[in-house]
Amino acid sequence: MKLFAIILAFCIFEILIELIIKKVKKDFPWFLERRDEYPNFDKIKFKKYLLNSFNPYLGWVRKKNITGYDSLGEKKIKFTIDKDGSRKTAKKNKKNLITCFGGSYVFGRQVKDSETWQEQMSKNKNFYLSNYGVGNYGTDQAIIRYEKIKFKNSTKIVILGIVPEHICRIQSEWKHYFEFGNIHGFKPKYYLNKNKLMLKKVSINKKTKIKNIKNVIDKIKKTDRFYEEKFKKNLFKFPYLLNFFRNFNFNIKILYIFITKKKDPHLRKDFYLNEVIKRNIEQAHNYYKDEYSKRLFLEIIKRFKLIAKSKKQIPILVVFPQKMDIKLKKSNINYKNFFDKQVSKEIITLDLTKFFEKKKINNLYTNKIYGSHLSPLGNKFVSKIIYNFLKKKVNEFK
């Protein structure tokens, strides 16, 4: 009887947890189930992605001569990409002294063209900064793009802007395994083979058919470390109860948000994102303890340095902390040590973390809860720091 009661109780709890997960998943898509291993690719959306965003070398990129919009709550923020593929800037008769590459903190997500740190730095100056940042890029994609672009003779300095989470982005081939739900995010990546830097190209091309995506995914499973280290560990399957307790702290927080914030979908989404970003940043900080990850990152930065030398430009690395990087003070020491003690020996490096740690940071980021990107004030703040840093470190800037 006792054994029967235990089995019955297990079955009841198993069914209950499964039903709860399925219900919450409708509101919180980061809960993974079996079907997420081979997600449904909408033919129209996939075709539109290949036509408008896909790039065979980079994974994705903004097309030239377009206008787009970012969202900040219910607010829409316009941005413009010019004929060169860089973000619109007030060039006038200025010289292009500096060019910039990186992800969303370089592009200036969620602020106007005139509010990016590049535009604020060049205000009332005789030079401008060209901005080739692309949202969600890793360091690998940024330097591949940098290598392929030609510059004017006036361009003497190149800034590579990164966030500490890039240590994960450079090891990702399919963003879905690290950022659950980003199913179109196929990208190139570098890897080390006997300490030699090698490049694995994007796994899809413009002729890829949806019917062949399963074969592409099966190949990526073998080479993208986040399939085993993150995706599978967060996959809900039988027994659901065991999987729930595997990530108990995270899962219980999501259930708490779902229950307590149920009446306000916008607030609920903000709290969800806060937990997702916190987990991602904590994991990224831990990869700065992993020797392979650090060696790979350092070799990619060395590659950037070589490309800059071939273009006769001075390479500068700027580390932009996300809001959660500042909050997680116990673990951010991992990346601060890496950039201070290893990277700075190879390249001129500015880690902005220490400057943010001295400030009240809420107004420096666009979202009060999870702080997705730099606000106009945050962009102005870093523009001054970068400008003063360059004046001290770079002769061509003096």
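Everything that follows concerns the structure shown earlier in this document.
First things first, this report covers the structure right here in the doc. (Residues numbered from 1 in each chain as written. Predicted model: local features only at pLDDT ≥ 70, side-chain atom pairs only at ≥ 80, totals over all residues. Heavy atoms only, no water.)

## Some points on the side chain of E37
What counts, and what does not: Numbering of helices and strands starts at the N terminus; helices are DSSP runs of H or I of at least 4 residues and strands are runs of E of at least 2. N or O atoms closer than or at 3.5 Å make up a polar contact, with two conditions inside protein: a donor-capable atom paired with an acceptor-capable one, and, for residues adjacent in sequence, both atoms drawn from side chains. In this description, contact between two residues means that some pair of their heavy atoms is separated by no more than 4.5 Å.
Position of E37 among the secondary structure elements: in the loop between β1 (32-33) and α2 (43-52). For E37, the side chain forms a polar contact with the side chain of Y227, separated by 2.8 Å. Beyond its immediate stretch of four places on either side in the chain, E37 contacts W174, I217, K221, Y227, F231 and L235.

## Regarding the packing of aromatic side chains
Applicable threshold: Two rings from Phe, Tyr or Trp (for Trp, the six-membered ring) form a pair when their centres sit within 6.5 Å of each other. Planes less than 30 degrees apart are called stacked, planes more than 60 degrees apart edge-to-face, and all others tilted. The cut-offs for exposure are 20% and 50% of the maximum accessible area for each residue type, with area from a 1.4 Å probe on protein chains only; residues under the lower value are buried, those over the upper are exposed, and the others partly exposed. Two limits define a charge over a ring: the Lys NZ or Arg CZ must be within 6 Å of the ring centre, and within 35 degrees of the ring normal.
Within this structure, the stated rule accounts for 39 aromatic pairs. Where F28 meets F31, the ring centres are 5.1 Å apart and the plane angle is 80°; that geometry is what we call edge-to-face. This pair shows no difference in class: F28 is buried, exactly as F31 is. Cluster of aromatic residues (ring-pair linked, three or more members): F41, F46, W174, Y177, F180, F186, Y227 and F231. The ring of Y57 carries K148 above its face, with NZ or CZ at 4.0 Å from the centroid. Against the face of Y146 rests K311, its NZ or CZ located 5.5 Å from the ring centre.

## Focus on the sheet that holds strand β12 (residues 314-319)
Which entries qualify depends on this criterion: Strands pair, by our definition, only if DSSP identifies at least two bridges between them. For helices, the fitted axis covers only the stretch in contact; all axes are lines through C-alpha atoms, and the angles between them, taken along N-to-C directions, range from 0 to 180 degrees.
The parallel open sheet is built from five strands, whose spatial order is β7-β6-β8-β12-β13. Strands at the two margins of the open sheet, each flanked by one partner only, are β7 (127-131) and β13 (348-351). Ignoring strand direction, the axes of neighbouring strands in this sheet form an average angle of 25°. The sheet contact formed by strand β8 (residues 157-162) and β12 spans six bridges and is parallel. Paired with I159 across the bridge in β12 is I316. Helix α5 (residues 139-148) rests against β6 (95-102) and β8 of the sheet, and its axis sits at about 160° to β8.

## What to know about the pairing of strand β5 (residues 75-81)
Sheet analysis places strand β4 (residues 66-72) next to β5, joined by seven bridges and oriented antiparallel. Counted as the bridge partner of I66 is I81 from β5. A loop of two residues connects β4 with β5, the two strands running antiparallel in sequence, and G73 in this loop sits at a positive phi of about 70°.

## Some words on empty space enclosed by the protein
So the rule is basically this: Definitions used throughout: a 1 Å grid over protein atoms alone; a cavity as a set of points that fits a 1.4 Å probe which cannot get out; a pocket as an open set with protein on both sides within 12 Å along at least five of seven lines; a lining residue as one with an atom within 4 Å of a point. Grid points are joined across faces, edges and corners, and a volume is the space filled by probe spheres set on the points. Residues are sorted three ways: Asp, Glu, Lys and Arg are charged, Ala, Val, Leu, Ile, Met, Phe, Trp, Tyr, Cys and Pro are nonpolar, and all the rest, Gly among them, are polar.
A full pass over the atoms with the stated rule returns four cavities of 30 Å³ or more. A volume near 60 Å³ is recorded for the largest cavity. Contributing to the lining of the largest cavity are W30, F31, K233, N234, L235, F236, N243, N247, F250, N251 and R279. Those elements that place two or more of their residues in the lining of the largest cavity are β11 (235-236) and α10 (248-260). Considered class by class, the residues forming the lining of the largest cavity number five nonpolar, four polar and two charged. What the second largest cavity holds in volume is close to 40 Å³. As for the second largest cavity, its lining consists of G103, S104, Y105, V106, G161, I162, V163, H166 and R169. If you list the elements that add at least two residues to the lining of the second largest cavity, you get α3 (104-107), β8 and α6 (166-169). A per-class count over the lining of the second largest cavity returns four nonpolar, four polar and one charged.

## Considering helix α11 (residues 265-287)
We apply this condition: How far a helix is expected to stretch is found by multiplying one less than its residue total by 1.5 Å.
When the terminal C-alpha atoms of α11 are compared, their 33 Å separation across 23 residues agrees well with the 33 Å that a helix rising 1.5 Å per residue should span. Between a side-chain oxygen at the N-terminus of α11 and the backbone nitrogen of H266 the separation is 3.2 Å; the capping residue is D264.

## A few points about the environment of K392
Along the chain, the position of K392 falls in helix α16 (residues 376-393). Among the residues examined, K392 registers a relative accessible area of 69% and is labelled exposed. In this structure, the C-alpha to C-alpha distance between K392 and V216, residues 176 residues apart in sequence, is 49 Å.

## A look at the side chain of N274
Among the structural elements, N274 can be located in helix α11. With near-sequence residues (within four places) excluded, N274 lies in contact with M324, I369 and Y370.

## A word on the packing of α10 against α11
The criterion, for reference: For classification, angles of less than 35 degrees are called roughly parallel, those exceeding 145 degrees roughly antiparallel, those between 65 and 115 degrees roughly perpendicular, and all remaining angles oblique.
Following both chains from N to C, one finds α10 and α11 inclined at 170°, their axes separated by 9 Å at the closest point. One finds that α10 runs roughly antiparallel with respect to α11. Contacts between α10 and α11 pair F250, K253, I254, I257 and F258 from the former with R268, F271, Y272, E275, V276, K278 and R279 from the latter. Here the residues of the contact of α10 with α11 sort into seven nonpolar, no polar and five charged.

## What to know about unusual backbone geometry
What is expected of a backbone is that most residues other than glycine have negative phi and most peptide bonds are trans. Cis geometry is found at the peptide bond from F238 to P239, where omega equals -5°. Relative to the assigned elements, P239 resides in the loop between β11 and α9 (240-246). Although it is not a glycine, N65 sits at a positive phi angle of roughly 55°. With respect to the element layout, N65 can be found in the loop between β3 (59-60) and β4. Accessibility expressed as a relative area gives 58% for N65, which makes it exposed.

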